[in-house]
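# Coordinates in review
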Amino acid sequence: QTTFNWKMTSAYGKGSPFYMDGPGSATDLAKRIREMSNGRLNIQVFGAGELIPAFEGFDAVRAGTVEMNHANSYFWTGKSAAAQYFTAVPFGLNFQGINGWLYDGGGQELWNEVYAPFGMVAMACGNTGVQMTGWFKKEIKDVADLKGLKMRIPGLAGKVYASLGVDVKVLPGGEIFPALERGVIDAAEFVGPFQDRRLGLHKAAKYYYTTGWHESATVSELLINKAAWDKLPADLKAIVQNAAAACNVIGEAWCQKHNSEAMDDLIKNQGVIARPLPDSVIKALRTETDKVLAEAAAKDPLTKKVHDSYMAFKAKYDRWSEVSEEAYHIKVRG
Amino acid sequence: MFEPQTYAILMLVGFFVLLMLGVPVATTLATVGFLFGYLGFGDSLFNLLPARIYGVVAGYQWMAIPLFVFMGVMLEKSRLADDLLDVMGHIAGGVRGGMGVGIILFGVLMGATTGIVGATIITLGLLTLPTLIRRGYDKSIACGAICASGTLGQIIPPSLILILLSDIMQLSVGTLFAAAVGPGLLLAGVYIIFLLVLGMLKPDLMPPLPQAERDAVSRKQLWVRFWKVVVPPIMLVVAVLGSIVGGIAAPTEAASMGAVGAILITIGAGRFKWQVLKEVALETSKITAIMMFILMMAQVFALAFRGLHGEDLIVRMFEWLPGGVNSDIWFMMALIFVLGFFIEWIEISYIAVPLFLPVLINQGVDPVWLAMLITVNLQSSFLTPPFGWALFYLKGVAPPEVTIRDIYKGVVPFIAMQALTLALVFFYPQIALWLPKAIGW
Amino acid sequence: MNTAAAAVVRRIEGLIDAVGRATLYLCLAMIGLVAVNVLLRYSLSFGSVWSQELEWHLLAAVILLGMSHAIQRGDNVRVDVFYADFSPRAKFVVNLVSLGLLLLIALLFIKLSLGYVAQSYAINETSADPGGIPFRWAVKGLIPVGFGLLALQTVGALLKLVLVEKQRLGAGHV
Ligand code: NA
Ligand code: NA
């Protein structure tokens, strides 16, 4: 029997909780695959910077120099605009919804279609669950408060904020705290309670707006070189797929536990004020998001195809969740 | 064919040999990296090299280098800082080593504005080294003081080391910044005491300005010159620091305020010309390019070291450990120190920290304290020959009569003082831990 | 033949010098841009993602286009502990070997990076940020360009080294 020795890079540093360390992380995925395959598929995991810089995994897997990369697909929007949808779009699906679309609603097939020209396949392999709007030094009462607000917010959400007058600042992770603390920026988005607390953001700003309208369930992506994938026998392929699906759930579960603990601590012990954004602000953000997404979809047929599939699924899922999850949370749970 | 690890050892040996023969540092790094990499694992992994090169040239954090270099070169070219140290010497009066102390203090101020070692060393090297030598300072002492002063920037926040460690160790950058203040100032204090004591024991190494020359300048004249030459550079540092503290600029971009300030000061002094601006910009781009060129070539070496499983060499050494928290910590410290001879701090952090961290944290070691021990220790990697960034930066801008041998000789006492400071932080953890607790970071 | 080689050396040095000098304007633009971005954000809360990206695009250009010029000006740092005491002949050999190695390294970098840039160009890679600079492949393309200049510079330096050495030996015989 052939033994496969693979390399997997990550966009996150060695030791990052959730992404690189702990249940459902890249390291955990490699361990599960090794154990299930009885050592026939050995994956050596490298944190960001060890072999390549954080955001170079796409090219490395494409070239086949490493077989796998663990990151989020929206880092690759500069290479293929459609990649955004396989991580999160603003006002998008929640954890159950995105899994419904990916596993059973045609999402997985589209994901592979988007990566086919690059000779890669991908699958979901973790999820942060709903993230947070972010940390604000001042209260946000209505849309006017966004005008001239200096905020660290990357990506598509940044563009949406910018259209409402926010001054979007690009900052590497390490500079968020000092910049927010000193008031170089007035607000910053990072991940969720557990990760944000580790960065110390609650010591720099008191208002923690909820919830993650821009990232309602952020998918971790396992990216695989297609040629390498095709060389795996069927049982190893099944092992990889099942390990990834396991990590998808286990990682999200880890986030639920740690975020609920961290949020309790932030509110009870650290004096953090957590509240949702005002309705008027959410409405304005939604309107702008629809425009931005429509604009992106209009530029490229493949993006449009993915967009349409995603939105069609979402429309159906929204109607269902309204009478199921939502009704439970609002009327039943108490 | 050997085991990959054997090639890793051969690579280190080859690195030493070529370096000692006088092959340029950058060429040496890439040559041994390519040679032993190809022998050990073939060419596949080198396909990742362009990604690493792109990571270097597109690295936002390096933006601070040209900004600070520009500030330093502008001060030098505008000839405003020509007699900066002379004035400091006048102020120090008969105190031997007074100008050396001035350099350390300047390093503290610069360190508070940047986390880039090269920037401080190049600025100080350009501004002060020629004057110190002309004033009869021992070349080695002068070089040692400048290199040590420059590395202070890596412990006094903001600092790239602290930012990277916070990422690898998953700690708050704010906590690490606060914790580093104590050890950073302690290190500076130890340097200053050393220079003053050395000045008393061996006055010839660091002569004060001659009595006659000091007498020739009246107190009032000195005061005027103080305002003209000492205050402007300090004001630049204040401008940079002030723009960070005042919430105007993020740490990396803050240096641009210093660059603009340097132009304004030159204009104010009536010495501004387009020609000067162009010369300064050319010098800045040259210095930046060569620093980054060495860093790019270091990528070949780092990639090969990884590909040859150089980190396994360290794991094997780890197995010899007798056990016990303190011996584990000291082993880690010894390892980081030894690695500092060969490779640069970024690779050391990526290799050594994840290796020891879980073991030490499980034994209840305070991660913030551990991060400070690592940070103090990593200072040495900048200074330890043969591969020390501080040494190369200074050599790059030093007058021709300064040899790398002078620099090597000069940094030795300062490395010893870093070891002393490391021991102090080890035995008195509160040096690092009280400030974060006191201000609640 | 020597004069032909000398002419080649002059041509190469001229080109590297011209490109190197041009980076001074890129450097000035970059420093000005960082300062302007800071001040506009602080005073008017005005900023854009592309102008922030332009900062490091310019830095990449300064580095990759400027490095050959810096090396030509003799800024390539070496450890001279033993080298300083070498005979002229030994110094010549060390320099000859060093330049030969550097030429090989530059060529390897070109070879390795061409595929990387082609991948990016083929998909018209843009910034991952919707407000960023569209031509991501262009900044990546500076890598082979920069190392192309380095290869050229090294060829010039090799020719020059040999010419000077010949002259030195010739002078020794007179
Ligand atoms: Na610093
Ligand atoms: Na060293």
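Structure report, in brief. Bear in mind that the values here come from a model prediction, so they are computed numbers and not experimental data.

Attention now moves to the side chain of Arg135 of chain B. All names here are of chain B. With respect to the secondary-structure elements, Arg135 resides in the loop between α7 (117-134) and α8 (139-151). The exposure class of Arg135 is buried, given its relative accessible area of 17%. Arg135 has contacts with Asp86, Met99, Pro207, Leu209, Pro210 and Glu213, leaving out every residue within four places of it along the chain.

With that settled, the discussion passes to the interface of chain C and chain B. In this assembly, 55 residues from chain C lie in contact with 61 residues from chain B. Taken over both partners, the interface formed by chain C and chain B buries close to 5,200 Å², and the fraction arising from carbon and sulfur atoms is 77%. Considering only the side of chain C, the residues that lose the most area to chain B are Val77, Val79 and Leu112 of chain C, jointly responsible for 13% of the buried surface there. Inspection of the region where chain C meets chain B yields two salt bridges. Linking Glu253 of chain B and Arg41 of chain C is a salt bridge whose minimum nitrogen-to-oxygen distance equals 2.5 Å. Put simply, chain C and chain B have six residue pairs in polar contact (both at pLDDT 80 or more) between them. Secondary-structure elements contributing two or more residues to the side of chain C that touches chain B are α1 (2-44), α2 (49-72), α3 (88-122) and α4 (136-173) of chain C. Broken down by element, the side of chain C that touches chain B gets its largest block of residues, 15 residues, from α1 of chain C.

With that settled, the discussion passes to the state of the cysteines. Applying the stated criterion across every chain yields a total of zero disulfides over all chains. Cys125 of chain A supplies the cysteine sulfur nearest to Cys247 of chain A, a cysteine that is in no disulfide, at a spacing of 4.9 Å. With no disulfide of its own, Cys143 of chain B lies 6.5 Å from the sulfur of Cys147 of chain B, the closest cysteine sulfur.

As for its position among the elements, Cys27 of chain C is in helix α1. Remark: the alpha-carbon pair of Cys27 of chain C and Gly66 of chain C, spanning 39 residues in sequence, is separated by 9.9 Å. For Cys27 of chain C, the contacting residues outside a window of four places in its chain are Ala281, Thr284 and Ser285 of chain B together with Val62 of chain C.

Rules used in this analysis
- Residues numbered from 1 in each chain as written.
- Chains lettered and ligands numbered in written order.
- Predicted model: local features only at pLDDT ≥ 70, side-chain atom pairs only at ≥ 80, totals over all residues.
- Heavy atoms only, no water.
- Helix = DSSP H or I, 4+ residues; strand = E, 2+ residues; numbered from the N terminus.
- Buried < 20%, exposed > 50% of the residue type's maximum accessible area, 1.4 Å probe, protein only.
- Contact = heavy atoms within 4.5 Å.
- Buried area = accessible area lost by both parts, 1.4 Å probe.
- Salt bridge = Lys/Arg side-chain N within 4 Å of Asp/Glu carboxyl O.
- Polar contact = N/O pair within 3.5 Å; in protein donor to acceptor, adjacent residues only side chain to side chain.
- Disulfide = S-S within 2.5 Å.

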